Amino acid sequence: MAILKAVQVDSTGKVPQPEQGPKIGPEDLLPPDLMRALWKVPLALPNKWRDHCSPEYQAWSNFGSQNWAPLAAATRLYVAPDEVMAERDARQWWRQWFRWQLGMDADAPGVLGLFQGTEAQSNNYDGLTVGAICAVRLWAIRNSEAELLELSGAWLTAYAALATLGAMPWPTSMTGHGSGGSGDIKVPQGISGAYRVQIGGRSTNQHYADDAGSLFLTEFTGWPGAKHPWPPRDAWRYWYFQVVDLLANDYGVSAEAQATMLAAIQQQDLKALDKVAGMLDKLKFAGWEILRWPGESAGLLPQIINGNTAAVMGSVLRTDGSSEHLFPWPKPKPGNLGSGKARIDEGHVLRAESAFGKTEVSLPSEPPVRHWVLNQEGIRRVESDLNPSG
């Protein structure tokens, strides 16, 4: 059952338009028009997508936002699929984008050859980027575009596999450790689903309780009885799950892959985890580590991978329902991001720090049963040790 049912749209005004203001940006203005495009009603800002569709993939080379371009390029696919820009039409643009992301073609511009670029597994922006890719898949289904169907399914499978490596069932308690101290985070009641470690490019402490990537993982694995109380209360804030609903369970993730991911998350089955890791063999990544012990998982970013926003540098999940997240910053954009680092010391403590403060959480004393390093060389399993990132 879908976390959120799609709202039927028969006019431009049926999709709420954000109010203009100094803090309203493309991430606010592009999604409503993407939703209008897939419902075939007039756009509110007919040319906005042109400003950000990155026809030469420049968004992945200019150190700016990597989430605006997928939103704009998905809208382009709906409203101008045949228009050629920089020698590619919208279909060709997406085919090449997927092929670079999936490691099928070399010489990707900038960081496009790294899976999700440097905004990988962002609890801030995955709703935008993965929502756009779901919209691309929906277009491919409607238009019988076989290659885009295959490529989008492969991408969404890889996305779910990456999230699965450190995932557990949704926690019942959360503790946030920040530069100003530690505190409990209220967990909504009535959630059923998978929950990934919160490390990622451009992740913050503001989305622990409704992380879009965890809810995508829940949907893509076919989690039995999936639910979260917040999306049904604000359908347009969570517009990307309306797109998921329109896909009608056709995510391109095979039944076998879904079963393997569920076994890895729900049962911590090591053979299943190894199969999931194998789904990432051809991919390259911006750089982080994931570790597993019986009853516990951890993720860490050895250093900041995106220079625009701070990141959750460490995250721990446990089968007893507890979770702890390390965000050693005063706010999402504090400056001095190069000071962000995380490591596991010889005392079995995961430490994350920045120029603004230090945070830590204790880990099991025994060696991890699985430890993966994911970087620009690909995914590599590390033999058990007591100082994984040392």
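The preceding data block contains the structure.
These lines cover the structure that appears in this document, whether it is placed above or below. Please read these numbers as outputs of a predicted model, since none were measured by experiment.

## Observations concerning the pairing of strand β3 (residues 181-185)
Then, in step 1: For strand β2 (residues 173-178) and β3, the ladder comprises 5 bridges, and the chain directions are antiparallel. Note on β3: the bridge partner recorded for methionine 174 is isoleucine 185.
Then, in step 2: Between β2 and β3, which pair antiparallel and follow one another directly, the connecting turn spans 2 residues.

## Description of empty space enclosed by the protein
Then, in step 1: Applying the stated criterion across every chain yields a total of 3 cavities of 30 Å³ or more.
Then, in step 2: Approximately 100 Å³ is the volume attributed to the largest cavity.
Then, in step 3: If you trace the largest cavity, you find 13 residues lining it, with Trp60, Gln66, Trp97, Gln116 and Thr129 closest to the centre.
Then, in step 4: Among the elements of the structure, α4 (90-101) and α5 (126-142) are those that each provide at least two residues to the lining of the largest cavity.
Then, in step 5: A total of 3 residues in the lining of the largest cavity trace back to one element, the largest contributor, which is α5.
Then, in step 6: When its residues are assigned to classes, the lining of the largest cavity shows 6 nonpolar, 5 polar and 2 charged.
Then, in step 7: When its volume is computed, the second largest cavity comes out at roughly 60 Å³.
Then, in step 8: Together, Gln121, Leu162, Ala163, Gly166, Arg196, Val197, Ile199, Trp288 and Ile290 line the second largest cavity.
Then, in step 9: Contributing elements (two or more residues each) for the lining of the second largest cavity: α6 (146-164) and β5 (288-293).
Then, in step 10: In terms of residue class, the lining of the second largest cavity is built from 6 nonpolar, 2 polar and 1 charged.

## Points about the packing of aromatic side chains
Then, in step 1: Going through the model one piece at a time under the given rule, you end up with 23 aromatic pairs.
Then, in step 2: Look at tryptophan 94 and tryptophan 97: their rings are 5.2 Å apart centre to centre, the planes differ by 65 degrees, and that puts the pair in the edge-to-face class. Of this pair, tryptophan 94 and tryptophan 97 both sit in helix α4, 3 residues apart, which is roughly one turn of that helix.
Then, in step 3: When its relative accessible area of 4% is taken as the criterion, tryptophan 97 is described as buried.
Then, in step 4: Plain terms: the ring middles of tryptophan 329 and phenylalanine 356 are 6.2 Å apart, the flat faces sit at 55 degrees to each other, and that makes the pair tilted.

## Some words on the packing of helix α1 (residues 26-38) against α5
Then, in step 1: Across the interface, α1 lies against α5 with an axial gap of 11 Å and an inter-helix angle of 15 degrees. Here α1 lies roughly parallel to α5, going by the angle between them. Of the two elements, α1 crosses α5, and the hand of that crossing is left-handed. Contact residues: α1 offers Glu27, Pro31, Leu34 and Leu38, while α5 offers Leu128, Ala132, Ala135, Leu138 and Arg142.
Then, in step 2: The residue inventory of the contact of α1 with α5, partitioned by class, reads 7 nonpolar, no polar and 2 charged.

Parameters and conventions
- Residues numbered from 1 in each chain as written.
- Predicted model: local features only at pLDDT ≥ 70, side-chain atom pairs only at ≥ 80, totals over all residues.
- Heavy atoms only, no water.
- Pairing = 2+ DSSP bridges.
- Helix = DSSP H or I, 4+ residues; strand = E, 2+ residues; numbered from the N terminus.
- 1 Å grid on protein atoms, 1.4 Å probe; cavity = no way out; pocket = protein on both sides within 12 Å on 5 of 7 lines; lining within 4 Å.
- Points joined across faces, edges and corners; volume = space filled by probe spheres on them.
- Nonpolar A, V, L, I, M, F, W, Y, C, P; charged D, E, K, R; others polar.
- Phe/Tyr/Trp six-rings, centres within 6.5 Å; stacked < 30°, edge-to-face > 60°.
- Buried < 20%, exposed > 50% of the residue type's maximum accessible area, 1.4 Å probe, protein only.
- Axes fitted to C-alpha atoms, helices over the stretch in contact; angles between N-to-C directions.
- Parallel < 35°, antiparallel > 145°, perpendicular 65-115°, else oblique.
- Left-handed = near helix turned anticlockwise from the far one by under 90°.
- Contact = heavy atoms within 4.5 Å.

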